[in-house]
Amino acid sequence: MAQYQRGQGRYREMSISKANGGVPKAHSYSWMEWPQVLADWEELHSISPHASFFNSPPWVGTWLEVFGADLQPTIYVLKVLGSPRAAWILVRRTQHWRKLFPMRCVFLGTAGEDEADSVCVEYNGFVCHPEYYEDAVNALWASVNQSPWDEFILKGAQPEIACKIVGNRQARESLLPTFGIDLDEVRGHGDYLQRLSHNTRQQLRKSFRFYGERGQLNVATAREPEEAVAMLDELAGLHQKTWHSRGQPGVFSSPRFTDFHRRLITSFPNNVQLLRATAGNQTIGLLYSLISGSTLYTYQSGFAYEEGNQNARPGLVVTALAIEHCLSHTTLSYFDLMAGTGRYKKSLSTVQSQIGWYEVFGDTLRSKLKELIKRTAGRGRPASGDK
């Protein structure tokens, strides 16, 4: 099995685990005590080297509102001399794997809900003071090991973060490409479209002309929470139509998923962007994005596809227009297209990376049996470096 090598970070000369002669222990809180730890979480998120919208107080607090009662998450805060140094969430669930046997699973972060309701977390992990990362990882695993477990699951994490969390434990990974646009870099070097490939520019020109025949191309963003919720409903209708045509239910078929995002938009309107692109009075598509710091994450979309017309490329056009809008009308630094294999994401990006899903094997019979079955069947792939 693969043996992850712990990443090299900037740590203090002596960690508190060494200074105390043991592993630092975090304080645990019920999910209902979120208001008591909110200030600590906000402080840590503001200085965490791996802060994202998906571990921000708006996202975490809304997730706890919607899923907390069912999942009963535990919140952990590592403090040193009374000051918060790291915080994370663990969800413990027993899930039946392929209806064969139960697996005691531990999920890190805002994860663990039923697959049909999943909020599809990315850039997952914990919030931490930059000088206490090693101690935070040690305390994290101490909290995981407080109860027996078969599998530790880390969904949607950057590989360099997963490497530090997983350490030398045996794990399985699944990677997806992720794409983005460095807006600051583009602003410093002129026209964005000129940075794209010849083929992409040609496709955009043809599609702009195609939609332009129906009227002027415009982009509008929601200004009030009520307008944003209405645009989310419009987006959901297009999204569901597309996925139903492919024989899939679509994420908005889940009332809990939809409720989560309605709450998020209503409670934190400054952290979301609902954008509609139109040609005349016809909608081409909508984007629902999340904002943390100077980064915009394009989280969901709804496009008006037209079968049989190769110049109708709503995903490409709407996203290109949204990028141009952010370049001209915002001070955002990064436009994150997030994980996925959509061709338009790769075509429009200036940055490409990876994001991973990780299963860490527990030292239990059930964990070993599951891995044996998966390896025998040739499904999944062990983490990088496995021989």
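Residues numbered from 1 in each chain as written. Predicted model: local features only at pLDDT ≥ 70, side-chain atom pairs only at ≥ 80, totals over all residues. Heavy atoms only, no water.

Here's the deal with the overall build of the protein
Reasoning step 1: Secondary structure assignment for the protein yields 12 helices and 13 strands.
Reasoning step 2: The C-alpha radius of gyration of the protein comes to 22 Å, within 12% of the 21 Å expected for a compact globule of 387 residues.
Reasoning step 3: Across its three principal axes, the protein shows a C-alpha extent of roughly 70 × 50 × 40 Å.
Reasoning step 4: Going through the 387 residues of the protein one by one, you find that 52% of them count as buried.
Reasoning step 5: Looking at the protein alone, contacts between residues at least 24 apart form 73% of all its contacts between residues at least 6 apart.
Reasoning step 6: Accessible surface, the protein as shown: approximately 18000 Å² in total, 48% of it carbon and sulfur.
Reasoning step 7: Side chains of the protein give 42 positive and 38 negative charges; the mean places of these two sets differ by 7 Å. (Helix = DSSP H or I, 4+ residues; strand = E, 2+ residues; numbered from the N terminus. Rg over C-alpha atoms; globule rule 2.2 N^0.38 Å. Buried < 20%, exposed > 50% of the residue type's maximum accessible area, 1.4 Å probe, protein only. Contact = heavy atoms within 4.5 Å. Areas by Shrake-Rupley, 256 points an atom, 1.4 Å probe, with all protein chains shown as cover. Lys, Arg positive; Asp, Glu negative; His and termini not counted. Charge placed at Lys NZ, Arg CZ, Asp CG, Glu CD.)

Description of the nonpolar core
Reasoning step 1: Formed by 54 residues in total, the largest nonpolar core has its most connected members in Phe54, Trp59, Trp63, Tyr288, Leu290 and Tyr299.
Reasoning step 2: Once you skip the residues sitting within four places of it in the chain, Tyr299 turns out to touch Phe54, Trp59, Val119, Cys120, Phe257, His261, Tyr288, Ser289, Leu290 and Met338.
Reasoning step 3: Formed by 31 residues, the second largest nonpolar core is a distinct cluster that contains Val186, Leu275, Cys326 and Leu337. (Core = buried A, V, L, I, M, F, W, Y, C linked by side-chain atoms within 4.5 Å.)

Concerning the pairing of strand β9 (residues 272-279)
Reasoning step 1: In terms of residue burial, β9 counts as a mostly covered element, since seven of its eight residues are buried.
Reasoning step 2: For strand β8 (residues 217-221) and β9, the ladder comprises five bridges, and the chain directions are antiparallel. Directly across from Thr221, in β9, lies its bridge partner Leu275.
Reasoning step 3: Looking at chain direction, β9 and strand β10 (residues 282-292) are connected through eight bridges and run antiparallel. Among the inter-strand pairings, Thr278 is bridged to a residue of β10, identified as Thr283.
Reasoning step 4: Taken together, β9 and the strand that follows it, β10, pair antiparallel across an intervening segment of two residues, in which Gly280 is found at a positive phi of about 65°. (Pairing = 2+ DSSP bridges.)

So, helix α2 (residues 34-47)
Reasoning step 1: Over its 14 residues, α2 runs 19 Å from end to end, which matches the ideal 20 Å to within 8%, given 1.5 Å per residue.
Reasoning step 2: Along its length, α2 shows its largest kink, about 30°, at Asp40.
Reasoning step 3: Buried residues of α2: Trp34, Val37, Asp40, Trp41, Leu44 and His45, and no others. (Expected span 1.5 Å × (residues − 1). Bend = angle between axes of the 7 residues up to and from the residue.)

Details of the pattern of salt bridges
Reasoning step 1: This structure, assessed with the given rule, holds 18 salt bridges.
Reasoning step 2: Residue Glu306 is joined to Arg214 by a salt bridge in which the shortest nitrogen-to-oxygen separation is 2.6 Å. With Glu306 in the loop between β11 (295-303) and α10 (314-329) and Arg214 in the loop between α7 (198-212) and β8, this pair connects stretches of sequence that are 92 residues apart.
Reasoning step 3: Among the ionic pairs, Lys374 bridges to Glu359, the shortest N-O distance being 3.5 Å. With a gap of 15 residues between them, Lys374 in helix α12 (residues 365-377) and Glu359 in strand β13 (residues 351-361) connect regions that are remote in the sequence. (Salt bridge = Lys/Arg side-chain N within 4 Å of Asp/Glu carboxyl O.)

Brief notes about α7
Reasoning step 1: End to end, α7 covers 21 Å across 15 residues, agreeing with the expected 21 Å (1.5 Å per residue, within 8%).
Reasoning step 2: Buried within α7 are the following residues: Thr200, Arg201, Gln203, Leu204, Ser207, Phe210 and Tyr211.
Reasoning step 3: Packing partners of the buried residues in α7 comprise β8, β9, β10, α10 and α11 (343-348).

Details of the packing of aromatic side chains
Reasoning step 1: Overall, the coordinates contain 23 aromatic pairs when judged by the stated rule.
Reasoning step 2: Both rings, one in Phe126 and one in Tyr133, keep their centres 5.1 Å apart while their planes meet at 35°; by these two values the pair is tilted. Each member of the pair, Phe126 as well as Tyr133, is classed as buried.
Reasoning step 3: Here the aromatic residues Phe53, Phe54, Trp59, Trp63, Phe67, Tyr123, Phe252, Phe257, Phe260, Tyr288, Tyr297 and Tyr299 are joined through ring pairs into a cluster of three or more.
Reasoning step 4: In this arrangement the basic side chain of Arg169 is found over the ring face of Trp141, its NZ or CZ atom lying 3.9 Å from the centre.
Reasoning step 5: The ring of Tyr305 is capped by Arg246, whose NZ or CZ atom sits 5.9 Å from the centre of that ring. (Phe/Tyr/Trp six-rings, centres within 6.5 Å; stacked < 30°, edge-to-face > 60°. Lys NZ or Arg CZ within 6 Å of the ring centre and 35° of its normal.)

Focus on the confidence of the model for the protein
Predicted coordinates in areas of low pLDDT are best not read in detail.
Reasoning step 1: For the protein, per-residue confidence averages 91 on the pLDDT scale, and 92% of positions sit at 70 or higher.
Reasoning step 2: Contacts of residues 1-20 to residues separated by more than four positions or lying in other chains number 51 contacts, the stretch itself having pLDDT below 50.
Reasoning step 3: In the predicted structure, residues 380-387 sits below a pLDDT of 50 and forms 18 contacts with residues beyond four places in sequence or in another chain. (pLDDT = per-residue confidence, 0-100.)

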